[in-house]
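If you want the building blocks of each chain, they are given just below.
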Amino acid sequence: MTTLTLRPPPRFNLPRAVCSYGYFVLPPNRWDVATQALHRPLRTAGGRVVKVVVRQRADGVLVAACHRTVPRADHGALKNQLRRMLRLDEDLSAWHAAHAVAKTQRFDRMYRSPTLFEDVVKTITSCNVTWPNTISMNRLMVEHVGHGGFPTPEQLADFGEARLKERCRVGYRAQRIVRLARDVLAGSVDLAWFETPGRTSDELFEGFRSLYGIGPYAAGNLCHLVGVYDRLAIDTETYRHFCNTHKLTRPKASDAAGLKRLEKTISVHYGRYAPFQFLAYWFDLWQDYQARCGPAWRWDRDTDGASFTASKM
DNA sequence: GGTAGACCTGGACGC
DNA sequence: GCGTCCAGGTCTACC
């Protein structure tokens, strides 16, 4: 059994960092409320699944216990995945300066996946579907395709659309997921491009939009997942939350002009936090969830964690 | 540029 | 148990 250690930035808090974004509820992530530890299978460069349990010691250091001995050559790859998930390398001091309340609440590092590929697939499974169904799709993909870990592009490409639809109940998303996997393997989609420093927000947004199955909402969401926060990912949940909070009447789905005006109002409201609009929006939304269900690091995955959806809030 | 309909699933609801 | 309706974001065809 191998144990890895990582030194996080000052004031880093593992429960807050993990339980900061809905993807922490999606398999193969599992947050253990009793021990305040993250259980998460990762992959070595060779594709082998390594079950990892991450805890934070009293001195702040993160300890990742692997369920088996991992060759030293793979330590760096596992650590890099953990660094990405917890955004250990992001400098968010400007965000803290822009939002004093969020700083006090230690809301900054929004949880994400070990790879951008997984984040894109998870985003596709979150579109046009209720949250419990998103959880189910990810659980079935981990079970049937990834054999305990999140599926790789190779595994998804091999699995194929028909089986993905049938076994993992992803519906028409099967075509989008398998096409993404095959494009990544063929090299026609280079996900590393999106994580290269220096990309502008417009470049990233348009780049994500060019992926089949990624619309405006998904592209906005993916921008924050690569560390660019100046775009909102507006969906029905945004409408619900904003109208409730600001005592506005929510336009009907058929009222395109009303929805457009509402989007403008939302954009102006969060514009004061530029270039951190998404963080400010998510802070408000997350505070709202926690006001209803208690601290996120105490949520039960099968009850509280399964309840986010506009129609249930 | 704007709009309508199709895509697909799970859950709620009425019978 | 069965049928119907609904929520949800994106794509495509059409105006």
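Everything below is about the structure printed above this text.
Residues numbered from 1 in each chain as written. Chains lettered and ligands numbered in written order. Predicted model: local features only at pLDDT ≥ 70, side-chain atom pairs only at ≥ 80, totals over all residues. Heavy atoms only, no water.

**Some thoughts on the overall build of chain A**
Each helix and strand counted, chain A has 15 helices and five strands in total. Compactness check: chain A gives a C-alpha radius of gyration of 19 Å against a globular reference of 20 Å for 313 residues, within 12% of the reference. Considered along the principal axes of its C-alpha atoms, chain A spans approximately 55 × 50 × 40 Å. At a minimum sequence separation of 6, the contacts of chain A that also span at least 24 residues come to 63%. Accessible surface computed for chain A: about 14300 Å², of which carbon and sulfur atoms make up 50%. With 45 positive and 30 negative side-chain charges, chain A shows a spacing of 4 Å between the two charge centroids. (Helix = DSSP H or I, 4+ residues; strand = E, 2+ residues; numbered from the N terminus. Rg over C-alpha atoms; globule rule 2.2 N^0.38 Å. Contact = heavy atoms within 4.5 Å. Areas by Shrake-Rupley, 256 points an atom, 1.4 Å probe, with all protein chains shown as cover. Lys, Arg positive; Asp, Glu negative; His and termini not counted. Charge placed at Lys NZ, Arg CZ, Asp CG, Glu CD.)

**As for the packing of helix α13 (residues 236–245) against helix α15 (residues 277–293)**
Viewed as axis vectors pointing N to C, α13 and α15 meet at an angle of 75 degrees, and their least axial separation amounts to 11 Å. Viewed along their axes, α13 and α15 adopt a mutual orientation that is roughly perpendicular. Here E237, T238, R240, H241 and N244 of α13 come into contact with α15, specifically with Y281, D284, L285, D288, Y289 and R292. The class makeup of the residues in the contact of α13 with α15 is three nonpolar, three polar and five charged. (Axes fitted to C-alpha atoms, helices over the stretch in contact; angles between N-to-C directions. Parallel < 35°, antiparallel > 145°, perpendicular 65-115°, else oblique. Nonpolar A, V, L, I, M, F, W, Y, C, P; charged D, E, K, R; others polar.)

**Points about the protein's contact with DNA strand B**
In the vicinity of DNA strand B, the residues found are N133, K165, R169, G171, Y172 and A256. Sugar and phosphate atoms represent 95% of those atoms of DNA strand B found within 4 Å of the protein. Contacts to DNA strand B include R169, whose side-chain N or O atom sits 3.5 Å from a phosphate oxygen. Split into classes, the residues belonging to the surface near DNA strand B amount to two nonpolar, two polar and two charged. (Near = heavy atom within 4 Å. Polar contact = N/O pair within 3.5 Å; in protein donor to acceptor, adjacent residues only side chain to side chain.)

**Some details on helix α5 (residues 116–125)**
Summarising burial for α5: ten of the ten residues are buried, a large majority. L116, F117, E118, D119, V120, V121, K122, T123, I124 and T125 are the residues of α5 that are buried. (Buried < 20%, exposed > 50% of the residue type's maximum accessible area, 1.4 Å probe, protein only.)

**A short note on the sheet that holds strand β4 (residues 49–56)**
Within the open sheet, the five strands sit side by side as β1-β5-β4-β3-β2. Their pairing is antiparallel. Of all the strands in the sheet, just β1 (3–6) and β2 (30–32) have a single pairing partner and so form its edges. On average, each strand axis in the sheet is inclined to that of its neighbour by 25 degrees, with strand direction left out of account. The pairing of β4 with strand β5 (residues 62–66) spans five bridges and is antiparallel. Within the sheet, the bridge partner assigned to V53 lies in β5 and is A65. Where helix α2 (residues 72–86) meets the sheet, its contacts fall on β1, β3 (37–43), β4 and β5, and the angle it forms with β3 comes to roughly 130 degrees. (Pairing = 2+ DSSP bridges.)

**Quick look at the pattern of salt bridges**
Pairing between side chains of opposite charge can happen when the charged atoms of each approach one another. Applying the stated criterion across every chain yields a total of 13 salt bridges. Salt-bridge contacts for E237 lead to R240; the nearest nitrogen and oxygen are separated by 3.0 Å. With E237 and R240 both in helix α13 and three residues apart, the pair spans about one turn of that helix. When sorted by exposure, E237 lands in the same class as R240, which is buried. A salt bridge links D288 to R292, with the nearest nitrogen and oxygen atoms 3.3 Å apart. (Salt bridge = Lys/Arg side-chain N within 4 Å of Asp/Glu carboxyl O.)

**A word on the nonpolar core**
Of all hydrophobic cores here, the largest spans 98 residues; its most connected members are L86, L164 and F208. Tallying contributions element by element places α15 first for this core, with nine residues. Not counting residues within four places of it along the chain, the set of residues in contact with F208 comprises L116, F194, I214, A219, L222, C223 and V226. (Core = buried A, V, L, I, M, F, W, Y, C linked by side-chain atoms within 4.5 Å.)

**With respect to the pairing of β1**
In regular strands, side chains alternate between the two faces of the sheet. The alternating pattern of β1 places L4 and L6 on a buried face, while none of T3 and T5, on the opposite face, is buried. Sheet topology places β1 next to β5; four bridges connect them, and they run antiparallel. Its bridge partner being in β5, L6 is matched across the sheet by L62.

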